[in-house]
Amino acid sequence: MSNRVLSVENLSVDIPLADGVLHAVDNVTLHVDRGETLCIVGESGCGKSLTSLALMDLLPKKAIRTIASLDLNDASILNYSEKQMSDVRGNRMGMIFQEPMTSLNPAFTIGNQMVETLRRHRKLSNAEAQDLAKQTLEKVGITAAEQRLNQYPHQLSGGLRQRVMIAMTLLCEPELIIADEPTTALDVTIQAQILLLLQELQAEYDMGLILITHDLGVVARIATRVAVMYAGQVVEQGTAEQIFENPMHPYTRGLMRCIPVPGRTQPGEPLGSIPGMVPSLIGRFTGCRFADRCDLVKDACRKGDVPLRDAKGKTQGYRCVIEPRDMTKVA
Amino acid sequence: MATSDSQTSAPNKGFDLLRRRVRGHQGMIIGSVIVVSVLLIALLAPLLAPHDPYQQDLLKRLVPPVWDSRGSWEHVLGTDHLGRDYLSRLIYGARISLLIGIGAALISGIIGTIMGVMAGYFGGRVDMIVTFMITVRLSMPVVLVALAVVAIVGGSLQVVIAVLGLLLWDRFAVVMRSSTLQIRSMDYVAAARAVGCSTSRVLMTEVMPNVVNNLIVITTIEIAHAIILEAALSFLGLGVQPPMPSWGLMVSEGKDMMLFEPWLITIPGVALFLLVLAINLMGDGVRDITAPENRN
Amino acid sequence: MIYYTLKRLGLALLVALTVSFISFGLLYLSSDPAIAMAGETASDADIEAIRKLYGFDRPILVQYLDWLQRALSGDLGKSYYFRTDVSALIGERLPTTMTLGVCAITFAIVLSVPLGVAAAIRPNSLIDRLALFLSVMGQALPSFWFALMLIVFLSVNLRLLPTSGSDTWLHFVMPTVVLGYYAAPAIMRLTRTGMLEVLSTDYIRTARAKGLRPWVVLFKHALRNAIIPVVSLAAVQFGFMLGGSIVVETIFALHGAGFLAWESITRNDLPTVQGLILVFSLFYIVLTFFADLLNAWLDPRIRIN
């Protein structure tokens, strides 16, 4: 049995709109191994959230999902019926969302919402489920777990609620957890705690973790591997070291330039920025999607699809016309 | 140049959106057509009615409508128990329904709007008092009170309009209050006051225009409401008095004979139903087009 | 929660007092109660005697307080027409109206909530359009006409149901439908809107992400939240049904409080009319009070402050 928890090839999401079809996600290929954290980075609207929803088959009804292959622990779940998928969700694949304040049902207690998940996927009595829920709450660092079980979501702070969400996904010991910007809505100090918690849990449960974020700081802290997304495509992929030490794709480089580096960036020096805007993804698009904003742009960039090519190391890939040796090194 | 199929330019988008919304709303178009037709019929009643609605002809009592074998084109919709032409009564009845609907809605609209806007704009004590009054008004059974007052004062067109006008202001007040509250908290009112505009000026120039949309929708609802209430009151004998051709009264007068002369109640009933339906569709349509997020 | 309840109670009492004063004063509008009581054939001397005897010559506020004091102990005066205690009269007729009201609101809920839920699950589908179509039709249909139509078709043509009276449960079928259908559109639309809103919330997405079965997501998670405002609305509509019962009971000759209202109004029986206005209003006030409480209790965010 290999280490590969999740593998997806050529995932696309299209959304029919009034003025045309929005190609929100275009041929994304990813994989995550056991014990590995894959960070999907990108700005708002780049399609990272839709990608994660597509993996769980939780897209809104209008959206059309096209996938070449989708394997969970080397077994295909691509053509699973809704019933089969619902057996997988919350059980073998868990998901944590961005807004802890609204992700829990206000009408039911924490305990009720946790127990129902357990009893949906496991044959447990109410008492057994309550007990397991309590233990899991303690595991995520919630004290007075017994009381918390009887409380309602509105009685808990944002950080606590997010811990509860994490606990809920752990209940059935999943093989993969997808966390969609889990710390974005939280205070900076709580952010650090939650990220640390996720790392510890991943080690303990030996799971795969996909963490979606727009914050490079989070990536630096927690990622094993990184996939950079832009305008619905994966434009660069590699280990965390590779991406930070040697970014290849002009977009990734642009992102790195935006981060001030203590010690190197001079006071008063203008922060880097990427000029231009994300292009409209409605209708047919030819050429590189970053072309209009790229300072290395050439005629070849606008002709035809741009495939992912390997960088110097085989594990790093980037989507560009320019060869690795022609890429200028960025300071 | 990277190509992209869609070429939507900003200036056209608003109008396109509006056009698309109107086209999808056939209900509103149908409703408006019917309402305008009924309005025209009511206004042109003397020209359109083939007979005098009050003229009795005891030799031609209970003549069926033209589609029955015993009917004739002289009385297209037949006659009632006193030989009066039903089509003419129907046409003049439209006048009564519309007059009462619009009249009552006007009175209650003025009362309710003033109360609502005052409550929303001044807040505090004024708001408390107005809200209390609305609650009291809601707690009173409208039909019962209307019936009682009409019974005491005597039924007539004017009395019905007055009574309904004095009773149906609550929804106006509620909607106008919440609209005003919304607007009041917006920045441009604060800006106007900061520049020194007096309170009444701010009300007239900033608050009211933006509140007009909701007003139109509620007005249509209350017109329909008043029309149905008048019909019910007249049906019970405590609304418009005979021999006026109120549709509700026509149903009441016809109900004793409804088994053998069913047209006596179906015709005015259908007329009532269509008019109220049309008004509601129109109101729904106006709301959906200008502010679909306010649905319900 | 306790504070909330007390606040609501205080408000309800104040409203009740105001309504009682208004209903008292309303009937002294342009009618002289002495004349109404004496009857049409009485002489001036008789009328004057009655006026003195019953204290109709006192200031209106005094008369009101007197009436209020007696009303609080259950004495609503004597009916001019029926010559019995108004409270006994109303008490005798009220159960019929209550039965009718309960049946009607149940009918409305059973009809509209499932329809609203179905419409929300598949927006813009056939069932959604059908639900909206029915609701628009229902709001335009005059109840008295609908009642007559039903009588013609079901009683006379098809001979399925009796036309009038209140002996068997069959007598309540048509009145229930006629009284209930008017509340249905509003309840349906509120259920539909509420469900649509709730179904797009984050916590429903979480429920699906946990792998819960569709009907659990729908009925346990979604409906539980969407139904809260609907409960209030249903209570309010139930309150309106007392007023609506006047027309229905009169047409179907059901001897309830609504029919009593009709009888007493047409006979200028002021004490009975006053008593009925008071009872109807109190009923509505009590109902909305409990609806408020229920509303607050159903939402843990209010219940557990």
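This one's a predicted model, so the numbers in the text were calculated from it and none came from an experiment. (Residues numbered from 1 in each chain as written. Chains lettered and ligands numbered in written order. Predicted model: local features only at pLDDT ≥ 70, side-chain atom pairs only at ≥ 80, totals over all residues. Heavy atoms only, no water.)

On to the overall build of chain C, then. What chain C contains, in helices and strands, is 14 helices and 0 strands. The linear arrangement of helices and strands in chain C, starting from the amino end, is α-α-α-α-α-α-α-α-α-α-α-α-α-α. For chain C, the residues scored as buried account for 53% of the 305 residues in total. Per element, the accessible surface of chain C, about 13,900 Å² overall, is 67% carbon and sulfur. Charge separation in chain C, taken as the distance between the mean sites of 23 positive and 19 negative side-chain charges, equals 19 Å. (Helix = DSSP H or I, 4+ residues; strand = E, 2+ residues; numbered from the N terminus. Buried < 20%, exposed > 50% of the residue type's maximum accessible area, 1.4 Å probe, protein only. Areas by Shrake-Rupley, 256 points an atom, 1.4 Å probe, with all protein chains shown as cover. Lys, Arg positive; Asp, Glu negative; His and termini not counted. Charge placed at Lys NZ, Arg CZ, Asp CG, Glu CD.)

Let's shift gears to the sheet that holds strand S9 (residues 208-213) of chain A. All names here are of chain A. In spatial order, the strands read S7-S8-S9-S3-S10-S11-S13-S12; together these 8 strands make up an open sheet with mixed pairing. The open sheet has two edge strands, strand S7 (93-96) and strand S12 (308-310), and neither has a second partner. Between one strand axis and the next, the sheet turns by 20° as a mean value, whatever way the strands run. Of the pairings in the sheet, the one linking S7 to strand S8 (residues 176-180) comprises 4 bridges and is parallel in character. (Pairing = 2+ DSSP bridges. Axes fitted to C-alpha atoms, helices over the stretch in contact; angles between N-to-C directions.)

A few words on the pairing of S8(A). All names here are of chain A. Counting buried residues in S8 gives 5 out of 5 residues, a clear majority hidden from the surface. Alternating residues of S8 divide into Leu176, Ile178 and Asp180 and Ile177 and Ala179, and every residue in both groups is buried. When S8 meets S9, the two strands line up parallel, connected through 5 bridges. Of the residues in S9, the one forming a bridge with Asp180 is Ile212. Between the parallel pair S8 and S9, the chain is carried across by helix H7 (residues 188-205), and the sense of this crossover is right-handed. (Right-handed = clockwise from strand over helix to strand, strands pointing away.)

This paragraph deals with the confidence of the model for chain C. Scored by pLDDT, chain C has a mean of 86; 94% of the residues are at 70 or more. For this predicted complex, the interface confidence comes out at an ipTM of 0.86, alongside a pTM of 0.84. (pLDDT = per-residue confidence, 0-100.)

In this model, B:Pro242 is joined to B:Pro243 through a cis peptide bond whose omega is 10°. Structurally, B:Pro243 is set in the loop between helix H10 (199-235) and helix H11 (247-254). Phi is positive for A:Asn10, close to 55°, though the residue is something other than glycine. Topologically, A:Asn10 is positioned in strand S1 (residues 4-17). Residue A:Asn10 is classed as partly exposed on the basis of its relative accessible area, which comes to 33%. In this structure, C:Asn268 takes a positive phi of about 55° despite not being glycine. If you trace the backbone, C:Asn268 turns up in the loop between helix H12 (257-266) and helix H13 (270-298). Assessed through its relative accessible area of 38%, C:Asn268 is described here as partly exposed.

Chain B puts 41 residues into the contact, and the matching count from chain C is 48 residues. Summed over both sides, the interface of chain B with chain C buries roughly 3,700 Å², with 83% coming from carbon and sulfur. Between the two partners, chain B and chain C, sit 1 salt bridge. We note a salt bridge from B:Asp284 to C:Arg189, for which the minimum N-O separation is 3.7 Å. Linking chain B to chain C there are 2 residue pairs in polar contact (both at pLDDT 80 or more). Tallying contributions element by element places helix H12 (residues 263-290) of chain B first for the side of chain B that touches chain C, with 12 residues. Along the lines of polarity and charge, the residues of the side of chain B that touches chain C split into 30 nonpolar, 7 polar and 4 charged. (Contact = heavy atoms within 4.5 Å. Buried area = accessible area lost by both parts, 1.4 Å probe. Salt bridge = Lys/Arg side-chain N within 4 Å of Asp/Glu carboxyl O. Polar contact = N/O pair within 3.5 Å; in protein donor to acceptor, adjacent residues only side chain to side chain. Nonpolar A, V, L, I, M, F, W, Y, C, P; charged D, E, K, R; others polar.)

Turning our eyes to something else, we now look at the packing of helix H8 (residues 173-180) of chain C against helix H11 (residues 214-252) of chain C. All names here are of chain C. With their axes 10 Å apart at the nearest point, H8 and H11 run at an angle of 140° to one another. When the axes of H8 and H11 are compared, the pair comes out oblique. Here H8 runs over H11; the crossing is right-handed. Together, Met174, Pro175, Val178, Leu179 and Gly180 of H8 and Met241, Gly244, Ser245, Val248 and Phe252 of H11 make up the contact between the two elements. In terms of residue class, the contact of H8 with H11 is made up of 7 nonpolar, 3 polar and no charged. (Parallel < 35°, antiparallel > 145°, perpendicular 65-115°, else oblique. Left-handed = near helix turned anticlockwise from the far one by under 90°.)

Moving on: the environment of C:Ala261. Residues and elements named next belong to chain C. Within the secondary structure, Ala261 sits in helix H12. In this structure Ala261 comes out as buried when scored by relative accessible area, which is 1%. The sequence separation of Ala261 and Thr250 amounts to 11 residues, and the corresponding C-alpha distance is 9.4 Å.

This part covers the pairing of strand S2 (residues 20-33) of chain A. Residue and element names in this part refer to chain A. By the bridge criterion, 10 bridges tie S1 to S2 in an arrangement that is antiparallel. From the neighbouring strand, Pro16 faces S2, where its bridge partner is Val21. The turn joining S1 and S2, which pair antiparallel and follow one another in sequence, is formed by 2 residues.

This part takes up helix H4 (residues 126-139) of chain A. All names here are of chain A. For H4, which comprises 14 residues, the first-to-last C-alpha distance of 20 Å matches the rise-based estimate of 20 Å (1.5 Å per residue) to within 8%. Taken together, the buried positions of H4 are Ala129, Ala133, Thr136 and Leu137. Take H4 and look down its axis: the buried residues cluster within an arc of 100°, on one side only. Positive backbone phi, approximately 90°, marks Gly141, located one or two places after H4. (Expected span 1.5 Å × (residues − 1). Arc of directions from axis to C-beta.)

All names here are of chain C. Contact pair H11 / H13: the axes reach a minimum separation of 9 Å and the direction vectors enclose 175°. Accordingly, the angle class assigned to the pair H11 and H13 is roughly antiparallel. In this structure, H11 uses Arg224, Ile228, Val231, Ser232, Ala235, Val236, Phe238, Gly239, Phe240, Leu242 and Gly243 to contact H13, whose residues at the interface are Phe280, Phe283, Tyr284, Leu287, Thr288, Ala291, Leu294, Asn295 and Leu298. Its residues assigned to classes, the contact of H11 with H13 shows 14 nonpolar, 5 polar and 1 charged.

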